[in-house]
Amino acid sequence: MTSSKSNTIKILIADDHEVVRQGLKTILSEHLDLKVIAEAENGNDVLKIANKSKLDVVLLDYDMPEKNGLDTLMELKALHPKLPVIILSMFPEDHYGTRFLKAGASGYLGKASASDQLVVAIRKVARGGKYISPNLTDKLVTDLHKDSEQALHETLTDREFQVLCLIAGGKKLKEIGTELCLSINTISTYRARILQKMDMDNNADIIHYAIENGLIK
């Protein structure tokens, strides 16, 4: 494949696992039009790099320390609304894909399928398009024709959904508050809303639901 500096797609890879970053770099290094110019281990570093570097695409891990993928995405899009972001997650597209697309992502890929679809996705979003995998396309079409009510967790706001996943992952309210930079009272309010909206009684119900619906592993 021929390429030149003028049409090279400059990429930031954000993942807290070095082995994942190296694996992605290996895949992308086989294509002359794709160039990884920066790496980040957490959400705060992503924002710093985006503010000082000219990027064409960001590959953003869903679950990172200091600032999670959803918060990082929303802050990144507020600062750089035209910068395409592809979310990478260990969870399949049909679990979180629609939520991230609504939050401003240009694409969402489960890490299991990333090696097959990554290059196509990067090129598409770099041209201003959206990348929706076949799995996610099937889910969107199914949801459009579904007569039944949406899943309970899909009724939650983004922040409520984050709190639900963190509670399901075993974190205490104080820890969640620290991670999301919110007071424990605010987290308690979100927890109360989650229990009310989902007709649950306690954290055990949240954990059971999250496991049953594949929201945590």
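Because the structure is predicted, anything quoted here is derived from the model rather than measured.

Q: I keep staring at the sheet that holds strand 4 (residues 85-89) and nothing clicks. Help me out?
A: What holds strands together in a sheet is hydrogen bonding between their backbones, with the strands either parallel or antiparallel. Read from one edge of the open sheet, 5 strands run 2-1-3-4-5, paired in parallel fashion. Either end of the sheet is taken by a strand with one partner, and the two such strands are strand 2 (34-40) and strand 5 (107-110). The sheet shows a mean angle of 25° between the axes of neighbouring strands, taken without regard to direction. With 4 bridges joining them, strand 1 (residues 9-14) and strand 3 (residues 57-61) adopt parallel strand pairing. In the strand pairing of strand 3, Ile 13 is matched with Leu 59. Running at roughly 170° to strand 2, helix 1 (residues 18-28) makes contact with strand 1, strand 2, strand 3 and strand 4 of the sheet. Sheet strands in contact with helix 2 (residues 43-52) are strand 1, strand 2 and strand 3, and its direction is about 130° off that of strand 2.

Q: Can you help me understand the environment of Lys 172 in this one?
A: The topology assignment puts Lys 172 in the loop between helix 7 (158-168) and helix 8 (173-180). A relative accessible area of 61% means that Lys 172 is categorised as exposed. Distance in space between the C-alpha atoms of Lys 172 and Ile 184 is 9.7 Å, their sequence separation being 12 residues.

Q: Sorry, what's going on with unusual backbone geometry here?
A: The bulk of non-glycine residues show a negative phi, and the bulk of peptide bonds are trans. One non-glycine residue with positive phi stands out, namely Cys 181, at about 60°. Inspection of the secondary structure assignment puts Cys 181 in the loop between helix 8 and helix 9 (184-197). Relative accessible area serves as the criterion here: at 66%, Cys 181 is assigned to the exposed category.

Q: Sorry if this is basic, but what is going on with the pairing of strand 5 here?
A: In the case of a regular strand, side chains alternate between the two sheet surfaces. Covered by surrounding structure in strand 5 are Gly 107 and Leu 109 together with Tyr 108 and Gly 110, the residues of both alternating faces. By the bridge criterion, 4 bridges tie strand 4 to strand 5 in an arrangement that is parallel. In the sheet register, Leu 88 faces strand 5, and the bridge partner there is Leu 109.

Q: Honestly, the packing of aromatic side chains in this entry has me stumped. Any pointers?
A: Aromatic ring pairs are reported here in terms of the distance separating the ring centres and the angle at which the planes meet. One pass over the full model with this rule turns up 2 aromatic pairs. Judged by centre distance (5.5 Å) and plane angle (75°), the ring pair of Tyr 62 and Phe 100 falls under edge-to-face. One end of the pair, Tyr 62, is in the loop between strand 3 and helix 3 (69-79); the other, Phe 100, is in helix 4 (residues 93-102), with 38 residues separating them in the sequence. In this pair, the class of Tyr 62 matches that of Phe 100, namely buried. You can call Phe 100 buried: its relative accessible area is 1%. Against the face of Phe 161 rests Arg 99, its NZ or CZ located 4.1 Å from the ring centre.

Q: I tried to follow the environment of Leu 32 on my own but got confused; where do I start?
A: As for its placement among the helices and strands, Leu 32 is situated in the loop between helix 1 and strand 2. Note on Leu 32: relative accessible area 57%, which makes it exposed. When the C-alpha atoms of Leu 32 and Ile 9 are compared, they prove to be 9.2 Å apart, with 23 residues separating the residues in sequence.

About the thresholds
- In this convention, every chain numbers its residues from 1, walking through the sequence in written order.
- Under the rules for a predicted model, residues below a pLDDT of 70 receive no local features and side-chain atom pairs below 80 are neither given nor counted, while totals for whole chains, interfaces and linings still include all residues.
- By convention in this description, side-chain values take in all heavy atoms of the structure and omit both hydrogens and water.
- DSSP bridges decide pairing: two strands pair if at least two such bridges lie between them.
- Working definition: helices are DSSP H or I runs of at least four residues, strands are E runs of at least two. Numbering for both runs from the N terminus.
- Lines fitted to the C-alpha atoms define the axes, with helices restricted to the stretch that makes contact. Angles between their N-to-C directions range from 0 to 180 degrees.
- Every residue pair with non-hydrogen atoms within 4.5 Å of one another is taken to be in contact.
- Only protein chains enter the accessibility calculation, which uses a 1.4 Å probe; a residue is then buried when its area is under 20% of its type maximum, exposed when over 50%, and partly exposed in between.
- Each aromatic pair joins two rings of Phe, Tyr and Trp (for Trp, the six-membered one) with centres within 6.5 Å, and gets the label stacked for planes under 30 degrees apart, edge-to-face for over 60, and tilted for any other angle.
- Charge over a ring is defined by NZ of Lys or CZ of Arg lying within 6 Å of the ring centre and within 35 degrees of the ring normal.

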